Amino acid sequence: MRRAESFRIEGRVQGVGYRWWAVTVAREIGLAGWVRNRADGSVEVLAIGDPDAVDELAAACAKGPPSARVSGVTRSPAQDDGSDAFGERPTE
């Protein structure tokens, strides 16, 4: 069973390797989806896969890479867009 969730990560999360880090973590735990910067300075993630793996990524996103300073993560249900791998998307 695949679950899809969207995360909005706020804080010092752009310009610190957050997207590269998120791709690495998501691929390691077997998720599909994507990550992108948002024009408002946040980072958005669409995580698709096993519910436990989605929860694991959410917990990891709350910490982020060493140079990030995460102030909050908002989770919400999302539509499965059919992604079969995890990658980066352009800023929106």
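Further up the page is the structure itself.
The rules behind each value
Residues numbered from 1 in each chain as written. Predicted model: local features only at pLDDT ≥ 70, side-chain atom pairs only at ≥ 80, totals over all residues. Heavy atoms only, no water. Helix = DSSP H or I, 4+ residues; strand = E, 2+ residues; numbered from the N terminus. Rg over C-alpha atoms; globule rule 2.2 N^0.38 Å. Buried < 20%, exposed > 50% of the residue type's maximum accessible area, 1.4 Å probe, protein only. Contact = heavy atoms within 4.5 Å. Areas by Shrake-Rupley, 256 points an atom, 1.4 Å probe, with all protein chains shown as cover. Salt bridge = Lys/Arg side-chain N within 4 Å of Asp/Glu carboxyl O. Pairing = 2+ DSSP bridges. Axes fitted to C-alpha atoms, helices over the stretch in contact; angles between N-to-C directions. Parallel < 35°, antiparallel > 145°, perpendicular 65-115°, else oblique. Left-handed = near helix turned anticlockwise from the far one by under 90°. Nonpolar A, V, L, I, M, F, W, Y, C, P; charged D, E, K, R; others polar.

**Considering the overall build of the chain**
The helix and strand tally for the chain stands at 2 helices and 5 strands. Secondary structure of the chain in N-to-C order comes out as β-α-β-β-α-β-β. A globule of 92 residues ought to have a C-alpha radius of gyration of about 12 Å, and the chain, at 12 Å, matches this closely. Overall, the C-alpha framework of the chain stretches about 35 × 25 × 20 Å when taken along its three principal axes. Within the chain, the proportion of its 92 residues that are buried is 45%. Within the chain, contacts between residues separated by at least 24 positions form 77% of all contacts whose residues are at least 6 apart in sequence. About 4900 Å² of surface is accessible on the chain, with carbon and sulfur atoms providing 48% of the total.

**With respect to the pattern of salt bridges**
Throughout the structure, instances matching the rule amount to 12 salt bridges. The shortest N-O distance in the salt bridge between Asp-55 and Arg-3 comes to 2.6 Å. In this pair, Asp-55 is assigned in helix H2 (residues 51–61) and Arg-3 in strand E1 (residues 3–12), connecting sequence segments 52 residues apart. Across the pair Arg-89 and Asp-81 runs a salt bridge, and its minimum N-O distance is 3.4 Å. Since its relative accessible area comes to 37%, Asp-81 is described here as partly exposed. Members of the salt-bridge network, linked through shared partners, are Arg-3, Glu-5, Asp-55 and Arg-75.

**A closer look at the pairing of E1**
Strand direction decides the pairing type here: E1 and strand E3 (residues 43–49), joined by 7 bridges, are antiparallel. Its bridge partner being in E3, Arg-8 is matched across the sheet by Glu-44. Two elements, E1 and strand E4 (residues 69–77), share 8 bridges in a ladder whose sense is antiparallel. The residue of E4 that forms the bridge with Ile-9 is Val-73.

**Things to note about the packing of helix H1 (residues 18–28) against H2**
One can describe the packing of H1 onto H2 by two numbers: an axis separation of 10 Å at closest approach and a directional angle of 150 degrees. As summarised for this structure, H1 and H2 are arranged roughly antiparallel, according to the angle between their axes. Here H1 runs over H2; the crossing is right-handed. Residues Tyr-18, Trp-21, Val-25 and Ala-26 of H1 lie in contact with H2, whose contacting residues are Leu-57, Ala-60 and Cys-61. Within the contact of H1 with H2, the residues separate by chemical class into 7 nonpolar, no polar and no charged.

Don't take any of this as a statement about function, it's just geometry.
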